[in-house]
Amino acid sequence: MAPAHDPTAPPRPGEELDAGPLADWLRPRVAGAVGELTVEQFPSGHSNLTYLIRMGNEEWVLRRPPFGSQVKSAHDMGREYQILSRLCRVYAPAPEPVLFCDDASVLGAPFYLMRRLHGVLIRKTLPPSIPPLPDLLGRIAAAFIGNLATLHAVDLRAAGLDTFGKPAGYSARQIEGWTRRWDAAATEPVADMQSLAGWLAAHLPQQPTAAPAVIHNDYKFDNVLLDASEPTRIAGVFDWEMATVGDPWMDLGTALSYWIDPTDPPEFQALTFSPTNLPGFPTRAGILALYEEASGRKVPNPVFYYAYGLFKLAVILQQIYYRYAQGLTDDPRFAEFPPVVRGLARQGWAAAESGSLQPGGGG
């Protein structure tokens, strides 16, 4: 899946694909796979690697694990392919996978191909095709969070995902697992992370109050494709590497962790995951209200889920930085992650201490 405005580039050094074996593997499996195969890379992602493959008149998007990663469970291409193959039948924004390859002799790791989609992404700034009109931005936000509620309402049995994942005890496993991953990847002490880990463990929901649902686990604007002609329509959702069946409110917490409010401390606003502090975009409290309206469910203790989302995001970025620090990747973007990790931890601990989705912002 790839937006029309999201440019490709030659693969980064060390992340090239061998076009010859890939072409040989494709030709007998896909009609129209003729002629020379070309490979370009979508350079914006930080985890699984995404490429544009062209051959004859055909285009596909290829996903493979990052080079040098030792966290196999986070980059299971077969699992990602399996969940998309089932989900795309009942949830229109899920991209349609085409082929899966578990033969590491082709590209050095398992990979899969999916059909390419076109549209518009919101990254750190609004794309030129989306004017900063408050009414439009409000409607885009409503579509964005309404689509998350739609995902959470997918009938697990109809999708063939009723036996997927382990929803029982999901929240507790997440806190335990991300705390363990932090301990394994930490390259310096971060007191706010230690405090936040302890707080989350002590404030786990006593019992599951939300029915298990398909959850994306990294739902944010630059994983959501908007229709180029009508940006209030969701054209696709991608990066399903962490998707599972679990607590939908944990998924909401992840979405909230990327949402920047105009009243947030300057150092947190400087993270600029996406321009959600522009006039017209609702606050995190507003996003919560939109989700509750769309889902028909009241979310208890939303601060727990928000703090969890910040904690998890900090661990993910720390894991990526750890690979960089160990010399397993030389992507220069990763050198900037330590202060981002500290900022996320500071915001998470402030939310936990204040009991607010707007710590320090009066909300």
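Let us look at the structure shown here. This structure is a prediction, so every number in the text was calculated from the model and none was measured.

**A look at the nonpolar core**
Counting 92 residues, the largest nonpolar core has Leu87, Ile130, Leu200, Trp240 and Leu344 as the members making the most contacts within it. The element contributing the most residues to this core is helix H11 (residues 302-325), with 15 residues. Filtering out sequence-adjacent residues up to four positions away, Trp240 remains in contact with Arg63, Glu80, Leu84, Leu87, Tyr91, Ala94, Pro95, Leu151 and His216. Within the second largest apolar cluster, 21 residues are counted, among which are Leu26, Leu49, Phe111 and Leu113.

**Some thoughts on the sheet that holds strand E1 (residues 37-42)**
Through backbone hydrogen bonds, the strands of a sheet pair up, either in parallel or in antiparallel fashion. With respect to topology, five strands assemble into an open sheet ordered E1-E2-E3-E5-E4, the strand pairing being antiparallel. The outermost strands of the open sheet, each flanked by one partner alone, are E1 and strand E4 (97-101). Strand after strand, the sheet turns through a mean of 25 degrees between neighbouring axes, direction not considered. As paired elements, E4 and strand E5 (residues 111-115) share four bridges and run antiparallel to each other. Across the sheet, residue Cys101 finds its bridge partner in E5, namely Phe111. Sitting on the sheet, helix H1 (residues 19-26) touches E1, strand E2 (49-55), strand E3 (58-64), E4 and E5, and the angle it makes with E1 is about 115 degrees.

**Some remarks on the packing of helix H4 (residues 134-152) against helix H8 (residues 248-257)**
With their axes 11 Å apart at the nearest point, H4 and H8 run at an angle of 160 degrees to one another. Here H4 lies roughly antiparallel to H8, going by the angle between them. Handedness of the crossing formed by H4 with H8: right-handed. The residues of H8 that touch H4, namely those facing Ile145, Leu148, Leu151 and His152, are Pro248, Asp251, Leu252 and Ala255. Counted by class, the contact of H4 with H8 contains six nonpolar, one polar and one charged residues.

Conventions and cut-offs
Residue positions are given per chain, counting from 1 as you read along its sequence in written order. For a predicted model such as this one, the threshold for reporting local features is a pLDDT of at least 70, and the threshold for listing and counting side-chain atom pairs is 80 or more; totals across whole chains, interfaces and linings nevertheless cover every residue. Derived side-chain values reflect all non-hydrogen atoms in the structure, with water molecules and hydrogen atoms excluded from consideration. Take the buried Ala, Val, Leu, Ile, Met, Phe, Trp, Tyr and Cys residues and link them wherever side-chain atoms come within 4.5 Å; each set so joined is a nonpolar core. Only protein chains enter the calculation, and the probe is 1.4 Å; a residue is then buried if its accessible area is under 20% of its type maximum, exposed if over 50%, and partly exposed in between. Strands here are runs of E lasting at least two residues and helices are runs of H or I lasting at least four, both read from the DSSP assignment and numbered beginning at the N terminus. Throughout, a residue-residue contact means that at least one pair of heavy atoms, one from each residue, lies within 4.5 Å. Pairs of strands are assigned from DSSP output, requiring at least two bridges between the strands. Axis definition: a line fitted to C-alpha atoms, over the contacting stretch in the case of helices. Angles run 0 to 180 degrees between N-to-C directions. If an angle is under 35 degrees, it is roughly parallel; if it is over 145, roughly antiparallel; if it lies from 65 to 115, roughly perpendicular; otherwise it is oblique. With the far helix as reference, a near helix turned anticlockwise by less than a right angle produces a left-handed crossing, and one turned clockwise produces a right-handed crossing. Each residue is assigned to one of three groups, with Ala, Val, Leu, Ile, Met, Phe, Trp, Tyr, Cys and Pro labelled nonpolar, Asp, Glu, Lys and Arg labelled charged, and all others, Gly among them, labelled polar.

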